[in-house]
Amino acid sequence: MLHKTFTKNALTFEVVIVDDSSPDGTLEIAQKLQKAYTNNLVKIISRPGKLGLGTAYVAGLTECTGDRVILMDADLSHHPKFIPQMILKMNAGDFDIVSGTRYRKGGGVAGWDLKRKITSRGANFLATFLLDAGNASDLTGSFRLYKRQVLEQILPQIRSKGYAFQMEILILAKKAKMTLGEVPITFVDRIYV
């Protein structure tokens, strides 16, 4: 899906997959993709265990070469079809970060029960209220497009190792007066497990 989306939109890209010894077969699938695309399109970073989401992003950034970096879930909970919209939004508004959001008009989730929806909404409301996140509507979402220099500036300041990384990066970006745009997305509960 990534290859189709980028090729259809005439975008140059590379895929960096960070695997923390996941038991779900991520590494094996990544290796098959790497063989299928022999032009160094797919890079794999295999780590010896769960080292945290934040450190996975840092590891991936060291391997990528582009001026813009998209962070997304490899299980396709984040559909690549939203990437061109995110790029257009970044270009149109000269935003430093464009976040895919479940919580603006046109966004949403699929495959979640009511309890998970309420928990997610509640966590986002509390985080937004307590952390003064500015105009960010989806602090816990991880489908984002960054200008590379934004990540290079902010990542050394990050203290979080796990999922709080998502929130911390937006709070630090706001403090640094970086700009945030949002694109409504539909988050689909794990397609591939």
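Residues numbered from 1 in each chain as written. Predicted model: local features only at pLDDT ≥ 70, side-chain atom pairs only at ≥ 80, totals over all residues. Heavy atoms only, no water.

**Q** Tell me about helix H7 (residues 164-175), and name the residues and values.
**A** When the terminal C-alpha atoms of H7 are compared, their 17 Å separation across 12 residues agrees well with the 16 Å that a helix rising 1.5 Å per residue should span. When H7 is considered as a whole, its buried residues turn out to be Phe165, Gln166, Glu168, Ile169, Leu170, Ile171, Leu172 and Ala173. The inward-facing, buried residues of H7 abut helix H3 (53-63), strand S4 (97-101), helix H5 (114-131), strand S6 (144-147), helix H6 (148-154) and strand S7 (180-184). Two residues or fewer past H7, Lys177 is found with a positive phi of approximately 65°. (Helix = DSSP H or I, 4+ residues; strand = E, 2+ residues; numbered from the N terminus. Expected span 1.5 Å × (residues − 1). Buried < 20%, exposed > 50% of the residue type's maximum accessible area, 1.4 Å probe, protein only. Contact = heavy atoms within 4.5 Å.)

**Q** With reference to specific residues and values, describe the environment of Ala56.
**A** Checked against the element boundaries, Ala56 lands in helix H3. As for Ala56 and Ile45, which are separated by 11 residues in sequence, their C-alpha atoms are 8.9 Å apart. Residues contacting Ala56, with those up to four places away along its chain left out, are Val18 and Arg47.

**Q** Tell me what's going on with the packing of aromatic side chains, and back it up with residues and numbers.
**A** As enumerated under the stated definition, the model contains four aromatic pairs in all. Judged by centre distance (4.5 Å) and plane angle (15°), the rings of Phe6 and Phe13 are stacked. With respect to burial, Phe6 and Phe13 carry one shared label: buried. Above the plane of the ring of Phe187 lies Arg102, whose end atom (NZ or CZ) is 5.8 Å from the centre. (Phe/Tyr/Trp six-rings, centres within 6.5 Å; stacked < 30°, edge-to-face > 60°. Lys NZ or Arg CZ within 6 Å of the ring centre and 35° of its normal.)

**Q** Summarise helix H4 (residues 83-93); cite the residues concerned and give the values.
**A** Within the span of H4, buried status applies to Ile83, Pro84, Met86, Ile87 and Met90. Looking straight down H4, one finds that the buried residues subtend no more than 160° of arc, so they occupy a single side. Of the exposed residues in H4, the ones pointing more than 90 degrees away from its buried face are Leu88 and Ala92. On its buried face, H4 sits against helix H1 (2-8), strand S3 (68-71), S4, S6 and S7. Two residues or fewer after H4 comes Asp94, characterised by a positive phi angle close to 45°. (Arc of directions from axis to C-beta.)

Interpretation in functional terms is not warranted from these geometric data alone.
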